[in-house]
Amino acid sequence: MNIEPLTPHLGAQIDGFDLSDLSGGRADQLEEMFYTHRVLVFRNQELDRDAHKAVGRVFGELHVHPSKKAFGIKGDPEIFKVRAEADTVKVNGGRWHMDVSCDENPPTGSILRLLELPPYGGDTVFCDMSRAFETLSGPMQRMLTELDARHDGQRDLRWYGLTPDPGQTYPSWVHPVVTAHPVSGRPVLFVNEGFTEDIVDMSYDESRAILAMLFDHVARNPGLQCRATWEPGTVVMWDNRAVQHFAVHDYAPHPRLGERVSVVGKGSPIAWGRDRSTA
């Protein structure tokens, strides 16, 4: 097996590790690589849907996307399809986000394989949200650790031009702006453009200004990012409690089709650096 870092801080490309065979301690090895590098790009994999799901179950129970529950989408509830056609304008993952952060218990990680690739383009970019927090000024860090933000699934739906029908519900939840990673304990800047609607107990203008600054900090700082380039047989995994991602839509009019498996998180996000006696 060969592990080649994508950057000194985030991501690794893995050759010579067969995801379809996780026997003999290989599942423990996979978990160690996952939490060390937080973005894993596996090459030369041959996974069917069952094997894909088996990889996810190494980390826990598989997540069911809220769109399956809200809209009654048919098909395997544990598989989330990502699809772009020639005329698609807003693709799945076309804004910086953490998957389904509007859940009470957002996914701990996601695993994506592409079934149909464009001939070129279509990379996925990731941002290290611990370094995103650590590169902010001390005064800004101290303020953010005391704040909570509301994550609303309908914000995501509006971006795609979707509105739930009467009786259909989509999750909305309040999480700390800075969370403690459930495994490493490192601080994580836990707001994202896809789902974070506002900061609790702030005026509209205050909330909008702070969130806009944080969203720009993620999007405009390539030093916090790594990039996964897709090839036939590539499978990409990421730690959804530690990174954000962005699907680059630079391949139109070519189609792109994939299937994603996500894993139920290990408890709701908890605040990092907050005085628990006054929380």
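Scroll up a little and you will see the structure.
### Details of the overall build of the protein chain
Item 1. From N to C terminus, the protein chain includes seven helices and 15 strands.
Item 2. Over its C-alpha atoms the protein chain spans a radius of gyration of 18 Å, differing by no more than 12% from the 19 Å that the globule rule assigns to 279 residues.
Item 3. Counting every position in the protein chain, which comprises 279 residues, the buried fraction comes to 51%.
Item 4. Within the protein chain, contacts between residues at least 6 apart in sequence are counted, and of these 82% link residues at least 24 apart.
Item 5. Approximately 12,500 Å² of the protein chain is accessible, and the part contributed by carbon and sulfur atoms is 50%.
Item 6. The protein chain carries 29 positive and 39 negative side-chain charges, and their two centres are separated by 2 Å.

### Here's the deal with the side chain of Asp128
Item 1. Take Asp128: it is sitting in strand β6 (residues 124–128).
Item 2. With a relative accessible area of 1%, Asp128 lands in the buried category.
Item 3. For Asp128, the side chain forms a polar contact with the side chain of Arg38, separated by 2.9 Å.
Item 4. Once residues within four sequence positions are removed from consideration, Asp128 is found in contact with His9, Leu10, Arg38, Leu224, Ala242 and Val243.

### Focus: the pairing of strand β15 (residues 256–263)
Item 1. Most of β15 is tucked away: eight of the eight residues are buried.
Item 2. Here β15 shows no split at all, with Arg256, Gly258, Arg260 and Ser262 on one side and Leu257, Glu259, Val261 and Val263 on the other all buried.
Item 3. Both strand β4 (residues 80–84) and β15 contribute to a ladder of five bridges, which runs antiparallel. Looking at the pairing, Val82 lines up with Gly258 of β15.
Item 4. The pairing of strand β5 (residues 109–116) with β15 spans seven bridges and is antiparallel. Across the sheet, residue Leu112 finds its bridge partner in β15, namely Arg260.

### Thoughts on the sheet that holds strand β7 (residues 148–152)
Item 1. Spatially, β8-β7-β11 is the arrangement adopted by the three strands of the open sheet, whose pairing is antiparallel. Of all the strands in the sheet, just β8 (172–176) and β11 (196–199) have a single pairing partner and so form its edges. Averaged over neighbouring strand pairs, the angle between their axes works out to 30° when direction is ignored.
Item 2. When β7 meets β8, the two strands line up antiparallel, connected through five bridges. Looking at the pairing, Arg150 lines up with Val174 of β8.

### Describing the packing of aromatic side chains
Item 1. According to the stated counting rule, one finds eight aromatic pairs in the structure shown.
Item 2. Their ring planes at 80° and their centres at 6.3 Å tell us that Tyr35 and Phe59 sit as a pair that is edge-to-face. Residue Tyr35 is located in helix α1 (residues 26–37), and its partner Phe59 is located in the loop between α2 (49–57) and α3 (66–71); the two are separated by 24 residues in the primary sequence. The residues Tyr35 and Phe59 share a single accessibility class, namely buried.
Item 3. A connected cluster of aromatic rings, assembled from ring pairs, spans Phe34, Tyr35 and Phe59.

### Describing the nonpolar core
Item 1. If you look at the biggest cluster of nonpolar residues, it comprises 25 residues, and the most contacted ones within it are Cys127, Met129, Leu144, Val177, Leu189, Val191 and Leu214.
Item 2. Elements supplying a minimum of two residues to this core: β6, α4 (129–134), β10 (187–189) and α7 (204–219).
Item 3. Among the elements that make up this core, the one with the highest residue count is α7 (five residues).
Item 4. Apart from residues lying up to four places away in sequence, Leu144 is in contact with Leu136, Val177, Val178, Leu189, Ile210 and Leu214.

What counts as what
- Residues numbered from 1 in each chain as written.
- Predicted model: local features only at pLDDT ≥ 70, side-chain atom pairs only at ≥ 80, totals over all residues.
- Heavy atoms only, no water.
- Helix = DSSP H or I, 4+ residues; strand = E, 2+ residues; numbered from the N terminus.
- Rg over C-alpha atoms; globule rule 2.2 N^0.38 Å.
- Buried < 20%, exposed > 50% of the residue type's maximum accessible area, 1.4 Å probe, protein only.
- Contact = heavy atoms within 4.5 Å.
- Areas by Shrake-Rupley, 256 points an atom, 1.4 Å probe, with all protein chains shown as cover.
- Lys, Arg positive; Asp, Glu negative; His and termini not counted.
- Charge placed at Lys NZ, Arg CZ, Asp CG, Glu CD.
- Polar contact = N/O pair within 3.5 Å; in protein donor to acceptor, adjacent residues only side chain to side chain.
- Pairing = 2+ DSSP bridges.
- Axes fitted to C-alpha atoms, helices over the stretch in contact; angles between N-to-C directions.
- Phe/Tyr/Trp six-rings, centres within 6.5 Å; stacked < 30°, edge-to-face > 60°.
- Core = buried A, V, L, I, M, F, W, Y, C linked by side-chain atoms within 4.5 Å.

Such coordinate-based values are descriptive only and should not be taken to indicate function.
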